[in-house]
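# A look at the structure
One letter stands for each residue in the lines below.
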Number of protein chains: 2
Amino acid sequence: MGGSPLFKTIAIVGVGLIGGSLARAARERGLVSSVIGLGRGEQNLRRALELGVIDVLEKDLERGIRKADLVVLATPVCTLPELLLKIAPFRKPESFVTDVGSVKAPILREADQIFQAPSPFVGGHPIAGTEHSGVEASFASLFEQRRCILTPGASTDPRALESVRRLWEAVGSEVVTMDAERHDQIMGFISHLPHMVAYGLVHSVRHAEEKGDDLSSFSAGGFGDFTRIASSHPEMWRDICLMNGDAILEAMGAFEKSFREIRQLILEKDGQGLEKVFRQSRQTRAKLLKEQTSSEPAPIEDRK
Amino acid sequence: MGGSPLFKTIAIVGVGLIGGSLARAARERGLVSSVIGLGRGEQNLRRALELGVIDVLEKDLERGIRKADLVVLATPVCTLPELLLKIAPFRKPESFVTDVGSVKAPILREADQIFQAPSPFVGGHPIAGTEHSGVEASFASLFEQRRCILTPGASTDPRALESVRRLWEAVGSEVVTMDAERHDQIMGFISHLPHMVAYGLVHSVRHAEEKGDDLSSFSAGGFGDFTRIASSHPEMWRDICLMNGDAILEAMGAFEKSFREIRQLILEKDGQGLEKVFRQSRQTRAKLLKEQTSSEPAPIEDRK
């Protein structure tokens, strides 16, 4: 692949699926001379070293951060504000910092408090993932033809944004830049809400089964799709709910309103009204698929 | 395959995906000497004849029904009660009648009014389908290793139940027998509710976009699964909502309760409570997948 290195040394804190895949992609494509792996689990870092995901294992956070030209924070999303505070004193003067968390505004707020302008911090959220987690599941092509949303703050150094953007583009992503609040609002609707709905559905089936109904053995026509979504990592979704609660609650309210509209149409036996809503849904999907195939070279996460 | 014929002549009213696939499967497996295709659209029946799906095209409903040892009603579910009434006078004394509609109680109620005991009618619902419809999309293996639910009435002739059961087993299905009301309640929960939820979700995104938000282009992480479900046939789902309204409303109420539980946990920032619900959902899925792989030789509809 052999591009010229964008960074001499990248430190990745949290070498799991996302951190590990970014390490692999950056190394395979020659975007970095050395990747330092950092994080709490030494055994995990050893495995990353064995697998050739990282070049160097560093148990000491301070020592690892001091060497890095770019620091990528890839630990669970709820740990990021505190981690940012922890690493800030050790970073090289000319280095940049980014993250891969799926909620952005609380992290940006923390960064705004920690760093003076021009801030070295750029928020990042690669829209990519698999049902598996951990460094064993990492692979270099995870980000290819996926979107990566970057959320610079008002005081972010333009060179930091540019560097981080080039990294994501070089590993194959289409980069979109937006405000952190807007990111959280969009994700609250388009990703977090569907998960809450799926959890609600599986939860209601569980409640019904507790009353003695044997429902799940008849699972068919749609229910399976929901249980797939609703089997995502419980801790991760707990954290997302805690960190993006306001936007999620707003989206849940909007959903409830639409759901009640449909309930009302059923109650009133309004066949015409129901058909109209169902027909519009089909159009929304058609529009969605068309937009995805025309504006993007390849499918994004939900169509894998 | 060459089993001995179960029926001399089967009349299929409505030769679409389900009716056409049943015709193909029965003919390929030698379960019938002749399949008569009936239905409103002559052009569709001609196509079925060309494709070798049926043996005989019969434009006249009365004439077709008079010849049949088994009548299979495979027209849209809302047409079934009336169709049952229409064909009843013409059927052979020793013939049986079944259907493939996805709502059962209203059809059984109609059958109970039309036929004196022992009734020739058995309700049927093969849990099978694809995203496509019409005779062009039909194929003989559609019912293999899928469940087919049969709902006899209180006055159904046991020989009718036995004959229809043997047909579905012979085309490869696992037959489950239950009460029509129970069928509608289970499907209301496990199949109809997920569709309402998916429609509600897509509908709420549409509402948000009407207010100017560009959400769907960021579709990721779950939303796509929902739009797939929500692009099912608008007319079919309208009819299901009209025919199984009570059970669907009950299931929707149960879902709303569970959904509000989650909303409340988010509102209260109850991380422990959220994690518990999410963890239980994962267990429900694990249980579901285990049940399906242990009790059934192959995946049912939702896992195709």
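Position numbers for residues count from 1 along each chain, tracking the sequence in the order it is written. Chains and ligands are labelled sequentially in the order written, the chains with letters from A and the ligands with numbers from 1. Local features in this predicted model are restricted to residues of pLDDT 70 or higher, and side-chain atom pairs are both shown and tallied only at a pLDDT of 80 or more, whereas totals for entire chains, interfaces and linings draw on every residue. Here the side-chain values reflect all heavy atoms present in the structure, with hydrogen atoms and water set aside.

### Notes on the sheet that holds strand β6 (residues 121–126) of chain A
Residue and element names in this part refer to chain A. For the record, the criterion: Strand pairing is defined by DSSP finding a minimum of two bridges between the two strands. Numbering of helices and strands runs from the N terminus, with a helix taken as a DSSP run of H or I at least four residues long and a strand as a DSSP run of E at least two residues long.
If you trace the 8 strands from one edge of the open sheet to the other, you get β3-β2-β1-β4-β5-β6-β7-β8, paired in mixed fashion. Each edge of the open sheet carries a strand with a single partner, namely β3 (56–57) and β8 (174–177). With 5 bridges joining them, β6 and strand β7 (residues 147–152) adopt antiparallel strand pairing. The residue of β7 that forms the bridge with H125 is I149.

### Some remarks on the pattern of salt bridges
Counted only if it meets this: When a carboxyl oxygen of Asp or Glu lies within 4 Å of a side-chain nitrogen of Lys or Arg, that pair is called a salt bridge.
All chains considered together, the criterion is met by 44 salt bridges over all chains. R63 of chain B is paired through a salt bridge with E58 of chain B; the nearest N and O atoms lie 3.2 Å apart. A salt bridge links E174 of chain B to R147 of chain B, with the shortest nitrogen-to-oxygen separation between them at 3.4 Å. Taken together, the residues E174 of chain B in strand β8 (residues 174–177) and R147 of chain B in strand β7 (residues 147–152) connect sequence positions 27 residues apart. Through salt bridges with shared partners, one network takes in E235, R238 and D239 of chain A together with E275 and R279 of chain B.

### Quick word on the relation of the copies chain A and chain B
Test applied: The atoms used to superpose the copies are C-alpha atoms, taken from residues with pLDDT of at least 70 in both, and the fit is least squares.
Rotating chain A by 180° and translating it 0.0 Å along the rotation axis places it on chain B, where the RMSD comes to 0.0 Å. Those values place the two copies in the arrangement expected of a two-fold rotation axis. Measuring from the rotation axis to each C-alpha of chain A, the shortest distance belongs to D225 of chain A, at 3.2 Å.

### A look at the interface of chain A and chain B
Quick reminder of the rule: Note on definitions: a residue-residue contact is assigned when non-hydrogen atoms from the two residues lie within 4.5 Å. Buried area counts how much accessible surface, traced with a 1.4 Å probe, disappears from two parts once they are put together, with both parts' losses summed. We call two N or O atoms a polar contact when they sit within 3.5 Å, provided that within protein one can donate a hydrogen and the other can accept it, with sequence-adjacent residues counted only if both atoms are side-chain atoms. Each residue gets one label: Ala, Val, Leu, Ile, Met, Phe, Trp, Tyr, Cys and Pro are nonpolar, Asp, Glu, Lys and Arg are charged, and the others, such as Gly, are polar.
Facing 93 residues of chain A, the contacting portion of chain B comprises 93 residues. In this assembly, chain A packs against chain B so that about 8800 Å² is buried in total across both faces, 65% of it on carbon and sulfur atoms. Across the chain A-chain B interface, the total number found is 6 salt bridges. For E275 of chain A, the salt bridge is made with R238 of chain B, and the minimal N-O distance between the two is 2.5 Å. Run the count over chain A and chain B and you get 20 residue pairs in polar contact (both at pLDDT 80 or more). Elements supplying a minimum of two residues to the side of chain A that touches chain B: β7, α7 (180–210), α8 (223–229), α9 (234–243), α10 (245–267) and α11 (271–295) of chain A. Here the element with the most residues in the side of chain A that touches chain B is α7 of chain A; it accounts for 23 residues. When the residues that make up the side of chain A that touches chain B are grouped by side-chain class, the tally is 43 nonpolar, 24 polar and 26 charged.

Read these as spatial facts, not as claims about activity.
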